[in-house]
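Topology and contacts: notes
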Amino acid sequence: VLHGSVDGPVHRLTRDSAMPPTSVAVLGSTGAIGTQTLDVVAARPDEFDVVALGAARSVDLLVEQARVFDPEVVAIADPLLGSAVEAAVPAGTTVLAGPSAMAEAAVAAEVAINGVVGFAGLPVTLAVLAAGRRLGLANKESLIAAGPVVQQVRSTPGAELLPVDSEHCAIHQCLRANESDERVERIVLTASGGPFRGRTRADLATGTVEEALDHPTWSMGPKVTVDSSTLMNKGLEVIEAYELFGIDYDRIDVVVHPQSIVHSMVTFTDGATIAQLSNPDMRLCMGYALAWPDRLDVPYGAIDWTALNRLDFELPDRGAFGCLDLAFAAGRAGRTAPAWLNAANEVAVAAFLDGAITWVGITELLTDALDAWPGDEATDVDAVLDVDCRAREVATA
């Protein structure tokens, strides 16, 4: 049985002009996900009202956003920056500062978009679902590190989880075309291949930070872009797909599709495959989560079929990109193995960006770290936090 593949029947909605706009909280508002979400909101000010914004440390951009959207609440995760934000935001704005600030701000709205990067996004995910609100989830680490814990709060009355990353948003859309979840045979996640597609493992020994950050189709933050270059991003998405849709790992495939037009596919038991296609534009996914179960009338990512002349697919080179198999291994191991791998990966990527290890050293570090996983159960948030901390210590040693 799929976990929340489609939340009830689909109806076309006609917005009554007298209806109040949907209130929206954007967490990680200064990052790529957050800024693009605000683009969508700005295009439909009669439909959406930003009531909360949150960022980790980017004071200047957060303040600028607050002046444009005039939210009720602004959150800054760094407690030392609270006074600077409070001095610059519009009068009457409530400012929250500290580690729990974004989670507190997230529940101020009907819909929250979680664009926080890394494990720090977990409290936002848990708070929104526990409050019975709709969550647009771009923070894949929430499900990867704490899937069993997140599943518990997904059953809260009113809670809805809409995936915002392009692959899982695509799967969600494909599943809407079928009435029976039991007829799903396979999920196929597509990967662009990143900046190092086609290079051998020997070639990649000299891969630089600048090359790893030069993604051919997507504009993302440095951590996610490096993950794309190693295919760890795709591996983490495999784990996320398992948690979101309940499809076991033997029925999840990954194919490289360099055009990034087919965002993912679902094959059904009768052999039919349904795919979601669009030009690369994350605003389509944000709009999908914001407007659910309706769709926006703004054509983000619309394809010019007279100009599209080819779609290519190939198998990933698992020898050169070993992170993909490490993620499959952690997912199949279950318990806290995904959390352990995710934490070690954050350490490894930071070390690569700092020049402390090579690109191929990321895979080597993660292989050793996963071998050291102690096998703990993911019983609750504290257990996940403990494993996360210990994994970072192992990866740093």
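Please refer to the structure placed before this passage.
Quick caveat, the model's predicted, so the values are computed rather than measured.

Quick notes on the packing of aromatic side chains
What the rule picks out here adds up to 5 aromatic pairs. An angle of 20 degrees between the planes, with centres 4.7 Å apart, marks the rings of Y242 and Y249 as stacked. Taking the relative accessible area as the measure of exposure, Y242 reaches 32% and is therefore partly exposed. Plain terms: the ring middles of Y249 and F328 are 6.4 Å apart, the flat faces sit at 70 degrees to each other, and that makes the pair edge-to-face. Linking Y249 in the loop between α11 (232-245) and β9 (252-256) with F328 in helix α13 (residues 323-333), this pair joins segments that are 79 residues apart in sequence. Ring-pair connections join several aromatic residues into one group, and the members of that group are F196, F321 and W359.

Some thoughts on the pairing of strand β6 (residues 134-137)
Across the two faces of β6 the burial is the same, with R134 and G136 and L135 and L137 all buried. Here 4 bridges tie strand β5 (residues 111-114) to β6, and the two strands are oriented parallel to one another. Residue pairing across strands places V111 opposite R134, the latter belonging to β6. Viewed along the sheet, the connection from β5 through helix α5 (residues 122-130) into β6 turns out right-handed. Bridge count for β6 against strand β7 (residues 160-163) is 4 bridges, and the pairing is parallel. What sits directly across from G136, in β7, is L162.

What to know about helix α16 (residues 381-396)
The terminal C-alpha atoms of α16, which comprises 16 residues, lie 23 Å apart, in line with the 22 Å expected from a rise of 1.5 Å per residue. Among the residues of α16, A383, V384, V387, D388, A391 and A395 are the ones counted as buried. Seen along its axis, α16 keeps its buried residues to an arc of 135 degrees; they face one direction. Turned more than 90 degrees from where α16 packs its buried face, D382, E393 and T396 sit exposed. Buried residues along α16 sit in contact with α6 (141-154), α14 (337-353) and α15 (359-371). The backbone nitrogen of D382 has a side-chain oxygen 3.2 Å away, supplied by the residue at the start of α16, namely D380.

Some points on the packing of helix α1 (residues 32-43) against helix α12 (residues 282-291)
Their axes nearest at 9 Å, the elements α1 and α12 cross at an angle of 65 degrees. Crossing handedness for the pair α1 and α12: right-handed. Each of I33, Q36, T37, D39, V40 and V41 in α1 lies in contact with α12, whose residues at this interface are M282, R283, M286, G287 and L290. Each residue belonging to the contact of α1 with α12 can be placed in one class, and the counts come to 6 nonpolar, 3 polar and 2 charged.

Re the sheet that holds β9
Spatial strand order, β9-β8-β10-β11: 4 strands in an open sheet with mixed pairing. The open sheet has two free edges, formed respectively by β9 and β11 (273-277), since each of these has just one partner strand. Recorded for the sheet is a direction-independent mean angle of 20 degrees between the axes of neighbouring strands. This element, α11, spans β8 (184-191) and β9 of the sheet and lies at about 150 degrees to β8.

Brief notes about the environment of L284
By secondary structure assignment, the location of L284 is in helix α12. Along the chain, L284 and E314 lie 30 residues apart, while their C-alpha atoms are 25 Å from each other. Apart from the residues within four sequence positions on either side, L284 is in contact with Q173, Q276, S278 and Y300.

Thoughts on the nonpolar core
Core analysis: the biggest nonpolar cluster contains 87 residues, and L27, W359 and L366 have the highest contact counts within it. Residue contributions to this core peak at 10 residues, all from α14. Filtering out sequence-adjacent residues up to four positions away, L366 remains in contact with M232, C323, L326, L341, A344, N345 and A348. Counting 38 residues, the second-largest nonpolar core is a separate cluster that includes L162, C169, W218 and L296.

Calculation notes
Residues numbered from 1 in each chain as written. Predicted model: local features only at pLDDT ≥ 70, side-chain atom pairs only at ≥ 80, totals over all residues. Heavy atoms only, no water. Phe/Tyr/Trp six-rings, centres within 6.5 Å; stacked < 30°, edge-to-face > 60°. Buried < 20%, exposed > 50% of the residue type's maximum accessible area, 1.4 Å probe, protein only. Helix = DSSP H or I, 4+ residues; strand = E, 2+ residues; numbered from the N terminus. Pairing = 2+ DSSP bridges. Right-handed = clockwise from strand over helix to strand, strands pointing away. Expected span 1.5 Å × (residues − 1). Arc of directions from axis to C-beta. Contact = heavy atoms within 4.5 Å. Polar contact = N/O pair within 3.5 Å; in protein donor to acceptor, adjacent residues only side chain to side chain. Axes fitted to C-alpha atoms, helices over the stretch in contact; angles between N-to-C directions. Left-handed = near helix turned anticlockwise from the far one by under 90°. Nonpolar A, V, L, I, M, F, W, Y, C, P; charged D, E, K, R; others polar. Core = buried A, V, L, I, M, F, W, Y, C linked by side-chain atoms within 4.5 Å.

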